[in-house]
Amino acid sequence: KIYTERLLSNIGADFNQQVQQWVEFTMLQQEGWKVEHVLVALGLKDVLPTHFNVFMQQSGARFMSMHSPTQCVVLIGGAPATIKRGRELVNHFVGELNGERAPAD
């Protein structure tokens, strides 16, 4: 619970009980799971969550969004490797929306 409050207050975004419960639930899923965050443009707050199921299937991570007055915050939960993959998926998606073409692998 202390970790949850510290994480959410460090982000500086408004969080409600649903977000707090999601973080606590995610942390309890498996030993070593944690929650990190990615900041994205506020304009993506309605678009991004519609892709969370696909991101989850591709990475194994869990996703939740919340927003501050200036940015959208994407919470990514899971083991370190799944969080890393989830972060890559979010960043790639945001890059594509912004018209950046990522180099082919």
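Predicted model only: the values in this text are computed from it and were never measured.

Rules and cut-offs
Residues numbered from 1 in each chain as written. Predicted model: local features only at pLDDT ≥ 70, side-chain atom pairs only at ≥ 80, totals over all residues. Heavy atoms only, no water. Helix = DSSP H or I, 4+ residues; strand = E, 2+ residues; numbered from the N terminus. Rg over C-alpha atoms; globule rule 2.2 N^0.38 Å. Buried < 20%, exposed > 50% of the residue type's maximum accessible area, 1.4 Å probe, protein only. Contact = heavy atoms within 4.5 Å. Lys, Arg positive; Asp, Glu negative; His and termini not counted. Charge placed at Lys NZ, Arg CZ, Asp CG, Glu CD. Expected span 1.5 Å × (residues − 1). Axes fitted to C-alpha atoms, helices over the stretch in contact; angles between N-to-C directions. Parallel < 35°, antiparallel > 145°, perpendicular 65-115°, else oblique. Left-handed = near helix turned anticlockwise from the far one by under 90°. Nonpolar A, V, L, I, M, F, W, Y, C, P; charged D, E, K, R; others polar. Pairing = 2+ DSSP bridges.

Caption draft 1: Quick peek at the overall build of the chain. Within the chain one finds four helices and three strands. In sequence order, the secondary structure elements of the chain are arranged as α-α-β-α-β-β-α. The C-alpha atoms of the chain give 13 Å as radius of gyration, which agrees with the globular expectation for 105 residues (13 Å, within 12%). Each of the three principal axes of the chain carries a C-alpha extent, and together these read 40 × 30 × 20 Å. With 105 residues in all, the chain has 37% of them scored as buried. Contacts in the chain between residues at least 24 apart in sequence constitute 62% of all its contacts with a sequence separation of at least 6. Within the chain, the 10 negative side-chain charges are centred at a point lying 2 Å from the centre of the 9 positive side-chain charges.

Caption draft 2: Looking closely at helix α4 (residues 80-97). The end-to-end C-alpha separation of α4 is 26 Å, in line with the 26 Å expected for 18 residues at 1.5 Å each. All of the buried residues in α4 are Thr-82, Ile-83, Gly-86, Leu-89, Val-90, Phe-93, Val-94 and Gly-95. Against the buried residues of α4 lie β1 (34-41), α3 (52-59), β2 (62-67) and β3 (71-78). Positive phi appears at Gly-99, one or two residues downstream of α4, with a value of about 85 degrees.

Caption draft 3: Local environment of the packing of α3 against α4. Interaxial distance between α3 and α4 falls to 9 Å at its minimum, and their mutual angle equals 135 degrees. Judged on the interaxial angle alone, α4 and α3 are oblique. Between α3 and α4 lies a crossing whose hand is right-handed. Mapping the contact onto sequence places Phe-55, Gln-58 and Ser-59 in α3 and Thr-82, Arg-85, Gly-86, Leu-89, Val-90 and Phe-93 in α4. Of the residues in the contact of α3 with α4, the class split is four nonpolar, four polar and one charged.

Caption draft 4: Just the sheet that holds β3, in detail. Across the sheet, which stays open at both edges, the three strands sit in the order β1-β3-β2 with antiparallel pairing between neighbours. Two strands bound the open sheet, and with one partner strand each, they are β1 and β2. Between one strand axis and the next, the sheet turns by 25 degrees as a mean value, whatever way the strands run. Of the pairings in the sheet, the one linking β1 to β3 comprises eight bridges and is antiparallel in character. Opposite Glu-36, over in β3, you have Ile-76 as the bridge partner. Across the sheet, helix α1 (residues 2-11) is in contact with β1, β2 and β3; its angle to β1 comes to roughly 15 degrees.

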